[in-house]
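Spelled out from the first residue to the last, the chains are:
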Amino acid sequence: MGSASALSANYTVRENGTAYTAEIEVLQAEKYAFTEPGLMGEPVRITVSNISVFNETGPVNFTGEDSGTIEFPEGNYTIRYTAPLKTNELTVMLSDKSNITISLPEHYRVANPFLGSVSTGGTVNATGNGTTILWEDARSAQVRYYDAFQEQALIIFGAFWIGLVVIFLVPYLIARRKKE
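Please read all numbers here as calculations on a predicted model, not as lab measurements.

A. Structural view of empty space enclosed by the protein. Evaluation of the coordinates by the stated rule reveals one cavity of 30 Å³ or more. The calculated volume of the largest cavity comes to roughly 90 Å³. Contributing to the lining of the largest cavity are 12 residues, with Y11, T35, Y81, V92 and M93 lying nearest its centre. Counting residues per element, the ones that place at least two in the lining of the largest cavity are strand 2 (19-33), strand 3 (35-37) and strand 8 (89-105). For the lining of the largest cavity, the element with the highest residue contribution is strand 8, accounting for four residues. Grouping the constituent residues of the lining of the largest cavity by class yields nine nonpolar, two polar and one charged.

B. Structural view of the side chain of S8. Of note, S8 is situated in strand 1 (residues 5-13). Contact partners of S8, with chain neighbours within four places excluded, come to E23, I24, E25, S98 and N99.

C. Structural context of the nonpolar core. Core analysis: the biggest nonpolar cluster contains 36 residues, and Y11 and Y81 have the highest contact counts within it. Looking at this core, the elements with two or more residues in it are strand 1, strand 2, strand 5 (49-55), strand 7 (69-84), strand 8 and strand 11 (130-144). Other than its neighbours up to four places away in sequence, Y11 contacts Y20, T21, A22, I24, Y81, L90, V92, L94, I100, T101, I102 and S103.

D. Examining the side chain of T82 more closely. In this structure, T82 sits in strand 7. T82 gets classed as buried once you look at its relative accessible area, which sits at 9%. There is a polar contact of 3.2 Å between the side chain of T82 and the side chain of R14. Apart from residues no more than four positions distant in its own chain, T82 is found in contact with R14, A19, Y20, T21, V48, S49 and N50.

Conventions used here
Residues numbered from 1 in each chain as written. Predicted model: local features only at pLDDT ≥ 70, side-chain atom pairs only at ≥ 80, totals over all residues. Heavy atoms only, no water. 1 Å grid on protein atoms, 1.4 Å probe; cavity = no way out; pocket = protein on both sides within 12 Å on 5 of 7 lines; lining within 4 Å. Points joined across faces, edges and corners; volume = space filled by probe spheres on them. Helix = DSSP H or I, 4+ residues; strand = E, 2+ residues; numbered from the N terminus. Nonpolar A, V, L, I, M, F, W, Y, C, P; charged D, E, K, R; others polar. Contact = heavy atoms within 4.5 Å. Core = buried A, V, L, I, M, F, W, Y, C linked by side-chain atoms within 4.5 Å. Buried < 20%, exposed > 50% of the residue type's maximum accessible area, 1.4 Å probe, protein only. Polar contact = N/O pair within 3.5 Å; in protein donor to acceptor, adjacent residues only side chain to side chain.

If you want it as structure tokens, here you go:
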């Protein structure tokens, strides 16, 4: 996020997991930068689409869409856009504390600690319609999520390795006891 101060930031992952839609409420802002945290936490420009800026009276004109930063008359606005996701992970970094919400479709989960994670302070609410994670007064949020296939693959992989341990370790222990 740019120099704008956010009231709330809502991110909704699309059904197919290849993109998310963001809706950011900003206060006393005149510009907004479309970024995500890089490897060292630095802001890295992202390519977004379907940008719209509006306030209580309706849509607001803006400029600078091609530069990665949009500008508009100073005021309070809601900025909505769509951005791509390369992995099953969404990381958000804001300039000021705000309420951050990340919503996942029903087929994505975060409960298995081997496959998913929620950064500190996130409150997970899973329902039949999906999962919503809320951070109150946070500057950052991170969610790594997975689908049922990934969970099944983990279970199969784990069962395979446990089977190998049993096949090789048990005969070794039995042979060792006989020698004693």
